[in-house]
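This is what each chain is made of:
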Amino acid sequence: MEDPSTLDKQVVNLYGLWRVDKKVIDRLVELIHRVAPIAIRRVGGTIKIMDFCGTHEHSIVWNGIRSLMPEGVELVAGPGCPVCITPAYYVDIAIKFALEGIRVYTYGDAYRLPGSGRPFGDKGRPRSLEEARALGGDVVVVYSFMDAVKHAKRDGKESVFLAVGFETTAPAVAAPLVNGVVPENLTIINVHRLTPPILRYTFERHRNAPIRGVIAPGHVSAVIGAKAWEFVPREYGVPTVVAGFEAHDILLAIFHILAMLAEGRPRLINEYKRVVRWEGNTVAQRYINECCEVTDAAWRGLGFVPQSGLAFRDKYRRYDAMYQYGIKELTPEEWSYDLPPGCRCAEVTLGLAKPTDCPLFMKVCTPGTPYGPCMVSIEGTCSVWARFGGGGLADEIARELGLA
Ligand code: SF4
């Protein structure tokens, strides 16, 4: 049995680590407050910094980082939640498959993602794979594509995998395909999307209130490399920092951005060197390039974004569910606005609105009953704010309860 006195020591050690961490945090916050007024003067107004990635937004809200910002520095969430931007069209197709007896494998966070609610052109049909399963549809939630591969091999059933994600999840689908381990009875609805093109698109939409700094995504950059964001300071003059997900990573990124603005020298900094290399993961990149080519692709609520999707190359077409089942790919002409009425996810995704700007937030739309796509995944901005009190929501509730 473990000696209780050693447990005490472990607790003391943990406390020590926390103390060190707190000192680091305090120092970073102090530095941010010192450099911010110089940066604000130089820029001539409020500094809007975009945290691109849903996990960054999660960490910012979870750690209360917005409350540590000086006046004139605003953190806005970006388009970094792959579930939020998956077009309703593909969710509807997956629901249709499930109800027709074709097994649909899905990640857990796409399971509750609402489609258009009209997979057969009717109203009142299931809105999500979860609802389809409740109506007898064949839906299996998996942790990974390889889980789906194993299941499909074992069961031999006609099945499809709803492949939602960014550059981070694409290699997990591409590698088994290239290595020839995917069985013939499993095809894929390929909804992978690429992140640098959507950042370009986001910049275009922020012309009136420009983004002055970008916290670039850590996970995605581990695959595509820090170099993928070089275009941001070069073409847009916007300081960019690839950052990790701890509170001190994010604070350090904010400090670097403000310091670059104060100096008037925008560049790219890789703060997350412990994980992200300049070139990225070249093996993962090779897998993606081997089986997919870059194509224009639809983003939910936004429409087509040039060169922002992945399509299977001819050699791998037999694994393309759309091709195999003769379903038309979405085209710019056919795409129609695919958010439910009143939902402001498109603006939330681009950092043009906060979840609390949506009249449905925490009224019609809650994490328990998501009405719009940004309320589904733990990376969705509305979901993060709803669960952890983003945008001062926690302070408001504390005030209402007489705790602040
Ligand atoms: S609160 Fe719900 S309805 Fe409103 S923008 Fe967010 S996801 Fe859409």
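For the structure, see preceding data.
Here is what the cut-offs are and how they apply
- Residues numbered from 1 in each chain as written.
- Predicted model: local features only at pLDDT ≥ 70, side-chain atom pairs only at ≥ 80, totals over all residues.
- Heavy atoms only, no water.
- Helix = DSSP H or I, 4+ residues; strand = E, 2+ residues; numbered from the N terminus.
- Buried < 20%, exposed > 50% of the residue type's maximum accessible area, 1.4 Å probe, protein only.
- Contact = heavy atoms within 4.5 Å.
- Areas by Shrake-Rupley, 256 points an atom, 1.4 Å probe, with all protein chains shown as cover.
- Axes fitted to C-alpha atoms, helices over the stretch in contact; angles between N-to-C directions.
- Parallel < 35°, antiparallel > 145°, perpendicular 65-115°, else oblique.
- Left-handed = near helix turned anticlockwise from the far one by under 90°.
- Nonpolar A, V, L, I, M, F, W, Y, C, P; charged D, E, K, R; others polar.
- 1 Å grid on protein atoms, 1.4 Å probe; cavity = no way out; pocket = protein on both sides within 12 Å on 5 of 7 lines; lining within 4 Å.
- Points joined across faces, edges and corners; volume = space filled by probe spheres on them.
- Pairing = 2+ DSSP bridges.
- Disulfide = S-S within 2.5 Å.
- Right-handed = clockwise from strand over helix to strand, strands pointing away.

Caption draft 1: Region of the structure containing the overall build of the chain. For the chain, the count of helices and strands is 16 helices and eleven strands. When each of the 404 residues of the chain is scored for burial, the buried share is 53%. Expressed as a percentage of contacts within the chain between residues at least 6 apart in sequence, the contacts between residues at least 24 apart total 76%. Only carbon and sulfur atoms are counted for the fraction: they give 53% of the accessible area of the chain, which is about 18400 Å².

Caption draft 2: Geometry of the packing of helix H7 (residues 170-178) against helix H12 (residues 282-291). Packing of H7 against H12 brings their axes to within 8 Å, and their N-to-C directions diverge by 65°. By the angle between their axes, H7 is roughly perpendicular relative to H12. Here H7 and H12 pass one another in a crossing that is left-handed. Across from Ala-170, Pro-171, Ala-174, Ala-175, Leu-177 and Val-178 in H7, the residues of H12 making contact are Ala-284, Tyr-287, Ile-288, Glu-290 and Cys-291. Split by residue class, the contact of H7 with H12 holds ten nonpolar, no polar and one charged.

Caption draft 3: Fine view of the environment of Pro-373. As for its placement among the helices and strands, Pro-373 is situated in the loop between helix H14 (345-349) and helix H15 (381-388). Counting along the chain gives 260 residues from Pro-373 to Leu-113, while the straight-line C-alpha distance between them is 6.0 Å. If we ignore the near neighbours within four places in the chain, the residues touching Pro-373 are Cys-84, Leu-113, Pro-114, Arg-300, Leu-339, Pro-340, Cys-343 and Cys-345.

Caption draft 4: Representation of the layout of surface pockets. Estimated volume of the second largest pocket: approximately 340 Å³. Thr-295, Leu-310, Ala-311, Asp-320 and Glu-329 are, among the 20 residues lining the second largest pocket, the residues nearest its centre. Elements with a minimum of two residues in the lining of the second largest pocket: strand S10 (292-299), strand S11 (303-312) and helix H13 (321-324). Of the residues forming the lining of the second largest pocket, the biggest block, five residues, is contributed by S10. A class-by-class count of the residues in the lining of the second largest pocket yields eleven nonpolar, two polar and seven charged.

Caption draft 5: Quick look at the sheet that holds strand S7 (residues 213-216). Pairing is parallel across the open sheet formed by five strands, whose spatial order is S2-S1-S7-S8-S9. Only two strands of the sheet have a single partner each, and these edge strands are strand S2 (73-80) and strand S9 (268-270). Going across the sheet, the axis of each strand differs from the next one's by a mean of 20°, ignoring polarity. Where strand S1 (residues 47-53) meets S7, three bridges bridge the pair, whose relative direction is parallel. When the bridges of S7 are listed, Met-50 appears paired with Val-214. Against the sheet, helix H8 (residues 195-205) contacts S1, S2 and S7, and its axis sits at roughly 155° relative to S1.

Caption draft 6: Region of interest: the state of the cysteines. All chains considered together, the criterion is met by one disulfide. In this model Cys-81 forms its disulfide with Cys-84; the gap between the sulfur atoms is 2.3 Å. Taking the torsion about the sulfur-sulfur bond, which here is approximately 85°, the covalent link between Cys-81 and Cys-84 counts as right-handed. Since its relative accessible area comes to 4%, Cys-81 is described here as buried. The thiol sulfur of Cys-292 is not disulfide-bonded, and the nearest other cysteine sulfur, from Cys-291, lies at 3.8 Å.

Caption draft 7: How the structure looks around the pairing of S1. In terms of burial, S1 is largely enclosed, as seven of its seven residues are buried. Two elements, S1 and S2, share six bridges in a ladder whose sense is parallel. Within the sheet, the bridge partner assigned to Lys-48 lies in S2 and is Glu-74. One crossover worth recording links S1 to the parallel S2 by way of helix H2 (residues 54-62), and it is right-handed.

Caption draft 8: Representation of the environment of Val-91 in the model. Summarising the element assignment, Val-91 is placed in helix H3 (residues 88-99). Classification of Val-91 as buried rests on a relative accessible area of 1%. When the C-alpha atoms of Val-91 and Ser-128 are compared, they prove to be 7.2 Å apart, with 37 residues separating the residues in sequence. Setting aside residues up to four positions removed in sequence, Val-91 forms contacts with Thr-86, Leu-113, Pro-114, Gly-115 and Arg-127.

Caption draft 9: Spatial organisation of the sheet that holds strand S4 (residues 139-142). Across the sheet, four strands lie side by side as S4-S3-S5-S6; this open sheet has parallel pairing. What marks the edges here is a single partner per strand, and that holds for S4 and strand S6 (186-192). The mean inter-strand angle of the sheet, taken between neighbouring strand axes irrespective of direction, is 25°. Here strand S3 (residues 103-107) pairs with strand S5 (residues 159-165) via three bridges, running parallel. For Tyr-105, the partnering residue across the bridge sits in S5 and is Phe-161. Lying over the sheet, H3 contacts S3, S4, S5 and S6, oriented at roughly 160° with respect to S6. Here helix H6 (residues 145-155) sits on the sheet in contact with S3, S4, S5 and S6, set at roughly 160° to S3.

The values reported here are purely geometric and, on their own, carry no functional implication.
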